[in-house]
Amino acid sequence: MGNCDNRAAFASVFPDAAQDAHGFVQSVVTLGGTALFCLDSLDREPDPKHSGVLCADRLGWLDAQLAACAASHRVVVAHHPPAAVGMAGPDRLRLRNGDALLDLLRAHGVDLLICGHLHRPILATLKGQSTAILGSTAFDVALATNSDAITPIFDVPPLYHVLLDTDAGPVLHCEQVPMA
Ligand SMILES: [Fe+2]
């Protein structure tokens, strides 16, 4: 779940999708030796927001799931990045309590955090946490390190990503889709 999602609409289309005990769309999927922890960072109360948040209930769920996980590798997926990435405009829209997530991931030795939301591929180590921010299948956002502009670029090939579970650990591939 991210800023463009609606939990009720999602549940009506995907009635079998897992929810946690508090109704957040969070689940664990195990692929070979890698466990994926999929988070719900939607922040829409009381008003629609483009920023994200992980409340105590959602972080508590992640803490318990990570503690109980016996997989060789752990990958956590959240729509909103947890820290600023040097672009003032998009950085305003990040996870509002990102430090809490990063502290939790570090405490559990999580291999990789995967995020989206910024519409451009970015690799980072955020407070010690290896992080991949993925590109978009829709449009790109121009790099702007000296302004707060958020400038969409539409004439670029869409990107999708493939996560492989290898003997050495999770490997993330980025693939461009040729434009028609
Ligand atoms: Fe988003």
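Residues numbered from 1 in each chain as written. Predicted model: local features only at pLDDT ≥ 70, side-chain atom pairs only at ≥ 80, totals over all residues. Heavy atoms only, no water.

**Student:** Is there a simple way to think about the overall build of the protein in this case?
**Tutor:** Regarding its fold elements, the protein presents four helices and ten strands. Reading the protein from its N terminus to its C terminus gives the helix and strand order α-β-β-α-β-α-α-β-β-β-β-β-β-β. Relative to the globule expectation of 16 Å for 180 residues, the C-alpha radius of gyration of the protein, 16 Å, shows essentially globular dimensions. For the C-alpha atoms alone, the extent of the protein along its principal axes is close to 45 × 45 × 35 Å. When the 180 residues of the protein are sorted by exposure, 38% land in the buried category. Put simply, of all contacts in the protein between residues at least 6 apart along the chain, 53% involve residues at least 24 apart. The distance from the centre of the 11 positive side-chain charges to the centre of the 19 negative ones in the protein is 7 Å. (Helix = DSSP H or I, 4+ residues; strand = E, 2+ residues; numbered from the N terminus. Rg over C-alpha atoms; globule rule 2.2 N^0.38 Å. Buried < 20%, exposed > 50% of the residue type's maximum accessible area, 1.4 Å probe, protein only. Contact = heavy atoms within 4.5 Å. Lys, Arg positive; Asp, Glu negative; His and termini not counted. Charge placed at Lys NZ, Arg CZ, Asp CG, Glu CD.)

**Student:** Got a minute to help me understand the coordination of the iron ion in this structure?
**Tutor:** For the iron ion, the full set of protein donor atoms is N3 (OD1), H79 (NE2) and H117 (ND1), and the range of their distances to it is 2.1 to 2.2 Å. One chain supplies every donor for the iron ion, spaced along it as N-x75-H-x37-H. You can see H79 sitting in the loop between β3 (73-77) and α3 (88-91) and its partner H117 sitting in the loop between β4 (112-115) and β5 (122-126), a full 38 residues away along the chain. In this structure H117 comes out as buried when scored by relative accessible area, which is 13%. (Donors = N, O, S within 2.8 Å, 3.2 Å for Na, K, Ca; no water.)

**Student:** Would you explain the layout of surface pockets in this entry?
**Tutor:** Over the atoms rolls a probe the size of a water molecule, and its path tells where empty space is left. The volume enclosed by the largest pocket comes to roughly 460 Å³. What lines the largest pocket is a set of 20 residues, among which C38, V77, A78, I114 and L134 lie closest to the centre. Mapped by element, the contributors of at least two residues to the lining of the largest pocket are β2 (34-38), β4 and β9 (159-166). Within the lining of the largest pocket, the residues separate by chemical class into 14 nonpolar, five polar and one charged. Taken as a whole, the second largest pocket encloses approximately 350 Å³ of empty space. In this structure, the second largest pocket is lined by 19 residues; those nearest its centre are N3, H117, L118, H119 and F139. Residue composition of the lining of the second largest pocket, grouped by class: nine nonpolar, nine polar and one charged. (1 Å grid on protein atoms, 1.4 Å probe; cavity = no way out; pocket = protein on both sides within 12 Å on 5 of 7 lines; lining within 4 Å. Points joined across faces, edges and corners; volume = space filled by probe spheres on them. Nonpolar A, V, L, I, M, F, W, Y, C, P; charged D, E, K, R; others polar.)

**Student:** Which parts of the structure should I look at to understand the environment of N3?
**Tutor:** When you line up the elements, N3 lands in the segment before α1 (7-13). Residue class for N3 comes out buried when judged on its relative accessible area of 8%. For the pair N3 and D155, spaced 152 residues apart in sequence, the C-alpha to C-alpha distance is 24 Å. Side-chain polar atoms of N3 contact the side chain of H79, separated by 3.0 Å. There is a polar contact of 3.1 Å between the side chain of N3 and the side chain of H117. (Polar contact = N/O pair within 3.5 Å; in protein donor to acceptor, adjacent residues only side chain to side chain.)

**Student:** Just to check I follow, could you spell out the state of the cysteines for this structure?
**Tutor:** What is meant by a disulfide is a covalent connection between two cysteines, made through their sulfur atoms. Scanning the model with the defined rule gives zero disulfides in all. Cysteine C4 is unpaired, with the sulfur of C115 as its nearest cysteine sulfur at 16 Å. Exposure remark for C4: the relative accessible area of 67% places this residue in the exposed category. We note that C69 lacks a disulfide partner, and the nearest cysteine sulfur, in C38, lies 12 Å from it. (Disulfide = S-S within 2.5 Å.)

**Student:** In this structure, what is going on with a nonpolar patch on the surface? I would like to understand it.
**Tutor:** Taken together, the side chains of Y160, V162, L164, V171 and V177 present a nonpolar region at the surface, about 350 Å² in accessible area. When you line up the elements, V171 lands in strand β10 (residues 169-176). Since its relative accessible area comes to 31%, V171 is described here as partly exposed. (Patch = residues over 30% accessible without salt bridge, like charges linked within 9 Å, V, L, I, M, F, W, Y side chains within 5 Å. Areas by Shrake-Rupley, 256 points an atom, 1.4 Å probe, with all protein chains shown as cover. Salt bridge = Lys/Arg side-chain N within 4 Å of Asp/Glu carboxyl O.)

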